[in-house]
Amino acid sequence: MVLNSLDKMIQLQKNTANIRNICVLAHVDHGKTTLADCLISSNGIISSRLAGKLRYMDSREDEQIRGITMKSSAISLHYPKDNEEYLINLIDSPGHVDFSSEVSTAVRICDGCIIVVDAVEGVCPQTQAVLRQAWLENIRPVLVINKIDRLIVELKFTPQEAYSHLKNILEQINALTGTLFTSKVLEERAEREVESQVNPNSEQGEQVYDWSTGLEDTDDSHLYFSPDQGNVVFTSAIDGWGFGIEHFAKIYSKKIGIKKEVLLKTLWGDYYINMKAKKIMKVDQAKGKKPLFVQLILENIWSLYDAVLKKDKEKIDKIVSSLGLKIGAREARHLDPKVQINAICSQWLPISHAVLDMVCQKLPSPLDITAERVEKLMCTGSQTFDSLPLETQALKAAFMKCGSEDTAPVIIFVSKMFAVDAKALPQNKPRPLTQDEIAQRRERARQRHAEKLAAARGQTPLEPDQDGSAFETNPKGEEPRGDEQQVESMTLKPVPQEGDNQESFIAFARVFSGVARRGKKIFVLGPKYSPLEFLQRVPLGFSTPPDDLPPVPHMAYCTLENLYLLMGRELEDLEEVPPGNVLGIGGLQDFVLKSATLCSLPSCPPFIPLNFEATPIVRVAVEPKHPSEMPQLVKGMKLLNQADPCVQILIQETGEHVLVTAGEVHLQRCLDDLKERFAKIQISVSEPIIPFRETITKPPKVDMVNEEIGKQQKVAVIHQTKEDQSKIPEGIQVDSDGLITITTPNKLATLSVRAMPLPEEVTQILEENSDLIRSVEQLTTSLNEGRNTQMIHQKTQERICEFKGKLEQHLTGRKWRNTVDQIWSFGPRKCGPNILINKSEDFQSSVWSGPAGKGSKEAGKYRDLGNSIVSGFQLATLSGPMCEEPLMGVCFALEKWDLSKFEEQGGSDKQNKEQSDLVKEGQGGDETCSDGDENQEPHHGCSEPLEKRTAQKGEATLSDCYGPFSGQLIATMKEACRYALQVKPQRLMAAMYTCDIMATGDVLGRVYAVLAKREGRVLQEEMKEGTDMFIIKAVLPVAESFGFADEIRKRTSGLASPQLVFSHWEIIPSDPFWVPTTEEEYLHFGEKADSENQARKYMNAVRKRKGLYVEEKIVEHAEKQRTLSKNK
Ligand SMILES: Nc1nc2c(ncn2[C@@H]2O[C@H](COP(=O)(O)OP(=O)(O)OP(=O)(O)O)[C@@H](O)[C@H]2O)c(=O)[nH]1
Ligand SMILES: [Mg+2]
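### So, the coordination of the magnesium ion (ligand 2)
Here is step 1 of the chain: Every protein donor of the magnesium ion (ligand 2) is accounted for by Thr-33 (OG1) and Thr-69 (OG1), and the metal-donor separations fall at 1.9 Å. In this pair, Thr-33 sits in helix α2 (residues 32-41) while Thr-69 sits in the loop between α3 (61-66) and β2 (73-81), placing the two residues 36 residues apart along the sequence. Each member of the pair Thr-33 and Thr-69 is classed as buried.

Here it is as structure tokens:
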């Protein structure tokens, strides 16, 4: 970067009102990076001829090869407009779903965004997703409708058709905005209503709200996209042109003499101009009048394209001269019409002006940050702004002010960490010379050369070519040919550094307040840091000097080592960064994993976590090719984890190193990075590990040949259930209804558990509300521990009530009576889609209210035992009996919980002794019990009160040879749940993707063929209006998705490319344990019937992978075995 332009940037960074932090968002391939190229070329960073071809922001090799962006990266641009100078911090983001987490990191540090929509494809699934993300972050969008040239060249639309098509696209995107906005307005209204109820005097006259009028009252016109609002431009990034209607309004107001304001309102919309009367009227379709937009704008563009494509030299010249443009001879003679169009249009309607004008006018500066956004950023989870400590609340003012004075607290948000080659860091690169320095050196070199020549004149002149080689070959030649060469070698050869050939991590960040200075010490606050907790731990509170702080969790203190200006592929060193700017920070890699909040005060709360839309779902296990390289792999994986916002790295109990990624493309990128950058070793990668869920269903009504299971087949069914039950060991009772009764090994407690499938809707509700469930659990825990629950926001409580209501609504009927009130826990991990209900009469506890035990004295004891039961349930739901995958949609009912023996034992020491003897007898005098017997008697002769003694459970009284009682309860509960599942029809659930495929009519058949082969199901097929494109919406099992995108692309010669997004879990209908039992089934499926059983295949594959026993016949027909060689 040229130094004086760096100075310019530094100067611009200080004028906060003229900074625009924006990101470019769109569906994949809609032209974000091409648009960014055009904007960058306007700053002279790349040549305008290369704009659109270079894709400057796609700096990775794989991005260039694949032609898609994989990461978000920022560049700072300078834009002068009407005597003002603006600094545009532009972030290009990826559109591919696999990288949607990179979009989240970009929107957090921006104030506005450009939504790009392909004029042919229109609003696509990712367009919706990014618009939603922009809304969630409260950033303001503007719209760019790109690829208008395709309407002319590919679709061969007339201007009038193009106008209707564009109108259509705007309608679609506004409909989307409408839904987002409506929900937001309603939410705000609701909030205000609650407030006014709490505080009735605060807003007089605004107390009565009617939902419908609430919406009508609010002026939302500025939120919608419309060319007359100035927030829409039409572009063709590849041809370098773009316009907003303001540009034409200016031109035509002079030309036709109609006021610019009038034209601004009428250039878009159904108005036409009556040239004679110089009046603008409403379009009357019958008269065949063309709208202004068609007549004054589109037709001109169309006729230019027409002339160039038809190579009508005369017409081209006429247009060029009438527009007053100058086209270089090279372009004018060029044979490729694209080059000519680019040359003409980029002068006539420069795209960068159109887009950047709109950005500067319509998008907010960092000073315009709204109070609403600040509060949202500061309040994590269920907190309210009011519940934050006062010092923390005071920071809101700093956010709003975005001040640069010394007293302003420094607040920075790091949204991701990215790795760069340490060699590429500016401090490791030789400093480029300024023009002056180069001139000086040249002058010096010339002088020296002249001196040398003068000296040589006295001697025999050297042969000219010897002359050259003499200097070059002389290794000791003190004098190379000149300083210029020296300079060159200096600029080419990087200064060797210690950290050579290493990755260095840079934080992708934004300063929200105060000036970030190099060398400044600052607090690093992790996502779980809480200022409240800080106050509790540190006696002096926020006034403690930072250096004397005791260790506080999730907080560190570090120095801002290096600050950088992000310039796409390059970084520039900065001494300080004023507020409101996007920047890179070096030296944080030991403090920040993926994202963090940096603040000069400990009173700052961490920013709310980024909204990630993608669910990481594709897992592979990796291992080094050479086992000795394990440490490198582990290190490499750690680095990869830091460098990617969404990848997850797990080390499983089996010792496998697992990589969880958002999709196939993401996986490939992670593996490449791991191999080439972070671990630099050869690795072998397992087949993708496909996640499954286990569940149970209602008994089927028809058998596998679709015959009703009637009386004649009952025998077979009974036979099968018997077989099922044979899996259950002796000593465990199973009743005909699937109720399992099981006793702990020490025979003190008996549990009766039944498993039931949950209705599908309930499972879905549970899945959607896992965060809320976590809050419920937290609430109950704090209630139990008698802690203050004021902290839980009223809104969260309302949501909990609503959630409970929803569950009640779906759990109706006799079977589910009172179920919701009896819910004791959710699992696995206390927030999963399975529930445990407590039907036992002895001890009541529910997740809504905590335990209500028998007597308060015993409540504690029961609670502990109850916790063991819950833990057993958690374990059981974490890995099911089929292939140790988590459960989903199962309700376990604890019907009975018989602790009478246990109580008797606790009741008196004598009984206790007897009881243990009983146990001993029960075990047939097993010798190993004798120790336990001793253990049970330390309280003999002791006269302590009963409760106190029983409170010491586990250690003494309740321990026997089977270990602590609580442990036994956990194991028994887990067993009970597993057996309860096994007596019910078990099913596997497969993860499903939804995929949207856009394909032309002629390749539709092939798309369907691929889908069918991979067990995909088409949900919907519709034709995109005005095009020959079909949009197919389908679901596809994740297990069958590998290579799907490639296959579709190959089969359709690249005409269709699918986007896969994880959508839901679906039950695989076939029973993995099914074997033919009736005659018909034998006839239909044959004796083995395993070829049909997809579920069994999946189950066995998972079991094999996990090293579990797989029931398989390896040799089927031993007598038929023979060698494959033909001659024998
Ligand atoms: N016809 C036409 N093609 C365009 C235009 N703009 C971009 N393209 C082409 O569209 C393709 C995708 O462009 P990119 O800029 O890489 O798209 P992107 O939105 O950055 O894609 P991702 O980053 O992968 O989401 C390229 O082949 C471009 O040449 C345009 O205005 N007209
Ligand atoms: Mg791109």
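### Some remarks on the site of ligand 1
Here is step 1 of the chain: Near ligand 1 lie 19 residues; those nearest to it are Lys-32, Thr-33, Thr-34, Thr-69 and Asp-149.
Here is step 2 of the chain: In the model, an oxygen atom of ligand 1 is placed 3.1 Å from a nitrogen or oxygen of the Asp-29 main chain.
Here is step 3 of the chain: One of the side-chain nitrogen or oxygen atoms of Ser-236 is found 3.5 Å away from an oxygen atom of ligand 1.
Here is step 4 of the chain: Surface burial for ligand 1 is 85%, taken as the share of its 650 Å² of free accessible area covered by protein chains.

### A closer look at the pairing of strand β18 (residues 582-586)
Here is step 1 of the chain: Within β18, five of the five residues are buried, which leaves the element mostly enclosed by the surrounding structure.
Here is step 2 of the chain: Taking every second residue as pointing to the same face, both faces of β18 are buried, with Val-582, Gly-584 and Gly-586 on one and Leu-583 and Ile-585 on the other.
Here is step 3 of the chain: With five bridges joining them, strand β11 (residues 503-513) and β18 adopt antiparallel strand pairing. Paired with Arg-510 across the strands is Val-582, a residue of β18.
Here is step 4 of the chain: Judged from the three bridges that link them, strand β15 (residues 562-567) and β18 form a sheet pairing that is antiparallel. Following the sheet pairing, Tyr-564 is matched in β18 by Gly-584.

### Examining the sheet that holds strand β27 (residues 750-757)
Adjacent strands of a sheet pair through backbone hydrogen bonds, lying either parallel or antiparallel.
Here is step 1 of the chain: Taken in spatial order, the six strands make up an open sheet running β25-β26-β27-β32-β29-β28, and their pairing is mixed. Each end of this open sheet is capped by a strand with a single partner; those strands are β25 (733-734) and β28 (823-827).
Here is step 2 of the chain: Set on the sheet, helix α34 (residues 965-982) makes contact with β26 (740-743), β27, β29 (834-838) and β32 (890-898); between it and β27 the angle comes to about 40°.

### A closer look at the sheet that holds strand β21 (residues 648-651)
Here is step 1 of the chain: With antiparallel pairing, the four strands of this open sheet are ordered in space as β21-β22-β20-β23. Strands at the two margins of the open sheet, each flanked by one partner only, are β21 and β23 (683-685). For this sheet, the mean inter-axis angle between neighbouring strands, taken without regard to orientation, is 30°.
Here is step 2 of the chain: For strand β20 (residues 618-624) and strand β22 (residues 657-661), the ladder comprises five bridges, and the chain directions are antiparallel. Its bridge partner being in β22, Val-622 is matched across the sheet by His-657.
Here is step 3 of the chain: Each of β20, β21, β22 and β23 touches helix α22 (residues 630-643); the most contacted strand, β22, lies at about 25° to it.

### Observations regarding the pattern of salt bridges
Here is step 1 of the chain: By the definition in use, this model includes 44 salt bridges.
Here is step 2 of the chain: For Lys-1033, the salt bridge is made with Asp-996, and the minimal N-O distance between the two is 3.3 Å. With Lys-1033 in strand β35 (residues 1029-1037) and Asp-996 in strand β33 (residues 986-1000), this pair connects stretches of sequence that are 37 residues apart.
Here is step 3 of the chain: The exposure class assigned to Lys-1033 is partly exposed, which follows from its relative accessible area of 33%.
Here is step 4 of the chain: According to the relative accessible area criterion, Asp-996 is buried, its value standing at 12%.
Here is step 5 of the chain: A cluster of three or more residues bridged by salt bridges with shared partners is formed by Arg-60, Asp-62, Asp-644, Arg-669 and Asp-673.

### Structural notes on the packing of helix α9 (residues 245-256) against helix α11 (residues 292-309)
Here is step 1 of the chain: Direction vectors running N to C along α9 and α11 enclose 110°, while the axes themselves pass 12 Å from each other. With respect to their mutual orientation, α9 and α11 come out roughly perpendicular. Regarding α9 and α11, the two cross each other, and that crossing is right-handed. Residue-level inspection shows Ile-245, Phe-248, Tyr-252 and Ile-256 of α9 in contact with α11, the latter providing Phe-293, Leu-296, Ile-297 and Asn-300.
Here is step 2 of the chain: Of the residues in the contact of α9 with α11, the class split is seven nonpolar, one polar and no charged.

### Here we look at the confidence of the model for the chain
Residues shown with low pLDDT carry predicted positions that ought not to be read at fine detail.
Here is step 1 of the chain: Across the chain, pLDDT averages 79, with 78% of residues at or above 70.
Here is step 2 of the chain: Taken as a whole, residues 460-500 scores under 50 in pLDDT and shows 27 contacts with residues more than four places along the chain or in a different chain.

### A short note on helix α25 (residues 760-768)
Here is step 1 of the chain: Among the residues of α25, those classed as buried are Val-762, Thr-763, Ile-765 and Leu-766. Along the axis of α25, the buried residues cluster in a sector spanning 160°; they form a single face. Residues of α25 that are exposed and point over 90 degrees away from its buried face: Glu-760 and Glu-768.

### Details of the nonpolar core
Here is step 1 of the chain: Counting 107 residues, the largest nonpolar core has Ile-145, Phe-293 and Ile-301 as the members making the most contacts within it.
Here is step 2 of the chain: Ranked by residue count, the leading element in this core is α11, at 12 residues.
Here is step 3 of the chain: If near-sequence neighbours (up to four positions away) are discounted, Ile-301 is found in contact with Ile-152, Trp-241, Phe-243, Trp-348 and Leu-349.
Here is step 4 of the chain: One finds Ile-88, Ala-419, Val-1007 and Leu-1060 within the second-largest nonpolar core, a separate group that totals 103 residues.

### Brief notes about the packing of α22 against helix α23 (residues 664-678)
Here is step 1 of the chain: With their axes 10 Å apart at the nearest point, α22 and α23 run at an angle of 120° to one another. By the angle between their directions, the pair α22 and α23 is classed as oblique. Crossing of α22 over α23 shows right-handed handedness. Packed against α22, whose contacting residues are Leu-633, Gly-636, Met-637, Leu-639, Leu-640 and Ala-643, the element α23 presents Cys-670, Asp-673, Leu-674 and Phe-678 at the interface.
Here is step 2 of the chain: Its residues placed into classes, the contact of α22 with α23 shows eight nonpolar, one polar and one charged.

Cut-offs and rules
- Residues numbered from 1 in each chain as written.
- Chains lettered and ligands numbered in written order.
- Predicted model: local features only at pLDDT ≥ 70, side-chain atom pairs only at ≥ 80, totals over all residues.
- Heavy atoms only, no water.
- Donors = N, O, S within 2.8 Å, 3.2 Å for Na, K, Ca; no water.
- Helix = DSSP H or I, 4+ residues; strand = E, 2+ residues; numbered from the N terminus.
- Buried < 20%, exposed > 50% of the residue type's maximum accessible area, 1.4 Å probe, protein only.
- Near = heavy atom within 4 Å.
- Polar contact = N/O pair within 3.5 Å; in protein donor to acceptor, adjacent residues only side chain to side chain.
- Areas by Shrake-Rupley, 256 points an atom, 1.4 Å probe, with all protein chains shown as cover.
- Pairing = 2+ DSSP bridges.
- Contact = heavy atoms within 4.5 Å.
- Axes fitted to C-alpha atoms, helices over the stretch in contact; angles between N-to-C directions.
- Salt bridge = Lys/Arg side-chain N within 4 Å of Asp/Glu carboxyl O.
- Parallel < 35°, antiparallel > 145°, perpendicular 65-115°, else oblique.
- Left-handed = near helix turned anticlockwise from the far one by under 90°.
- Nonpolar A, V, L, I, M, F, W, Y, C, P; charged D, E, K, R; others polar.
- pLDDT = per-residue confidence, 0-100.
- Arc of directions from axis to C-beta.
- Core = buried A, V, L, I, M, F, W, Y, C linked by side-chain atoms within 4.5 Å.

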